[in-house]
Amino acid sequence: MIIAIDGPSGAGKSTVSKEVASQLGFSCLDTGAMFRAIAWKALECGIDLSDAQAVGKIAREYQIDFQCMEGEVLPSVVTIGGTDVSREIRTSRIDRSVSAVSAHVPVRSAMLEQQRRIGNAGNYVVEGRDIGTVVFPDAELKIFLTASAHERAIRRLAQNRERGVGSLDFDEVLADIERRDELDSSRDTAPLRAADDAVQLDSTSQTIAQIVDSICDLAKKRMGAL
């Protein structure tokens with residue numbers, strides 16, 4: 001079974017996905033980390049991120065792998081071409097770069113086959129921006145999770161402070177989130193939108209636990225109907 005969770009940056013998709021997977025005994029497919037790894041490699045190679053063909057070549061030539069510790073639902077190690085980039089891909093530098101990279105058709109094409117191969121091999125919670133619309137259009141359960149930009153900026157700031165990476169300036173974080181929303185929603189390829197059959201959940205005034213409970217309840221009902 002595939003549970004697809006889409007939504008804008010900072011809506012809580014990663015946290016919710018991990019908790020849902022843990023409660024249901026599923027695994028998580030961290031598609032966002034894949035695009036972040038491509039962005040990191042392109043920057044390291046000095047490639048112009050607006051050059052779709054050059055960035056796409058990176059995506060085709062460098063294999064991305066995940067490693068999970070026993071009992072974990074999310075990969076603790078992310079490598080690209082054998083290089084561990086687990087920490088590097090979570091910086092504000094990559095936050096500012098990943099939307100441009102993920103918008104390129106050659107990049108998305110290179111990632112699509114691998115995502116489907118992994119996801120279709122078991123029970124996965126998959127989060128991103130086009131999971132239910134493009135990557136897994138036949139997913140048994142689709143969720144579109146959102147929250148206000150202001151609330152998402154507060155959450156991202158707290159994450160940056162906890163991790164010790166990323167900007168600690170609220171206005172900068174908020175501006176980056178709003179910029180990413182615009183880029184993700186207006187891009188020509190796989191724009192951010194809710195699938196027609198997605199269940200829409202707003203986490204602005206709900207706790208993570210409440211959102212997780214709602215998704216798990218929906219998933220159990222879908223599994224019971226399979």
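Our structure's up above, just so we're on the same page.
Note that the structure is a prediction, hence the values are computed from the model and not measured.

Cut-offs and rules
Residues numbered from 1 in each chain as written. Predicted model: local features only at pLDDT ≥ 70, side-chain atom pairs only at ≥ 80, totals over all residues. Heavy atoms only, no water. Axes fitted to C-alpha atoms, helices over the stretch in contact; angles between N-to-C directions. Helix = DSSP H or I, 4+ residues; strand = E, 2+ residues; numbered from the N terminus. Parallel < 35°, antiparallel > 145°, perpendicular 65-115°, else oblique. Left-handed = near helix turned anticlockwise from the far one by under 90°. Contact = heavy atoms within 4.5 Å. Nonpolar A, V, L, I, M, F, W, Y, C, P; charged D, E, K, R; others polar. Expected span 1.5 Å × (residues − 1). Buried < 20%, exposed > 50% of the residue type's maximum accessible area, 1.4 Å probe, protein only.

Draft legend 1. Representation of the packing of helix α8 (residues 149-163) against helix α9 (residues 170-186) in the model. At a minimum axis distance of 9 Å, the contact between α8 and α9 shows a crossing angle of 120°. Viewed along their axes, α8 and α9 adopt a mutual orientation that is oblique. Every pair of crossing elements has a handedness; the one defined by α8 and α9 is right-handed. Touching Ala149, His150, Arg152, Ala153, Ile154, Arg156, Leu157 and Asn160 of α8 are Phe170, Val173, Leu174, Ile177, Glu178, Arg180 and Asp181, all from α9. Split into classes, the residues belonging to the contact of α8 with α9 amount to eight nonpolar, two polar and five charged.

Draft legend 2. Summary view of helix α2 (residues 31-44). With 14 residues, α2 should cover 20 Å at 1.5 Å per step; its first-to-last C-alpha distance of 20 Å lies within 8% of that length. Of all 14 residues making up α2, 11 are buried, and the element is well covered by its neighbours. Where α2 ends, the next residue or the one after it, Gly46, has phi of about 75°, a positive value.

Draft legend 3. Region of interest: the environment of Asp202. Turning to its location among the elements, Asp202 is positioned in strand β8 (residues 199-202). According to the relative accessible area criterion, Asp202 is partly exposed, its value standing at 41%. Between the alpha carbons of Asp202 and Leu43 there is a distance of 34 Å; along the sequence they are 159 residues apart. Apart from residues lying up to four places away in sequence, Asp202 is in contact with Thr146, Ala147 and Ile211.

Draft legend 4. Layout of the environment of Val98. Structurally, the position occupied by Val98 is in helix α5 (residues 98-102). Judged by relative accessible area, which is 6%, Val98 ranks as buried. Put simply, Val98 and Ala33 are 65 residues apart on the chain and 9.6 Å apart in space, counted from C-alpha to C-alpha. The residues touching Val98, leaving out its near neighbours within four places in the chain, are Phe35, Arg36, Ala39 and Arg180.

Remember, this is a structural readout, not a statement about activity or role.
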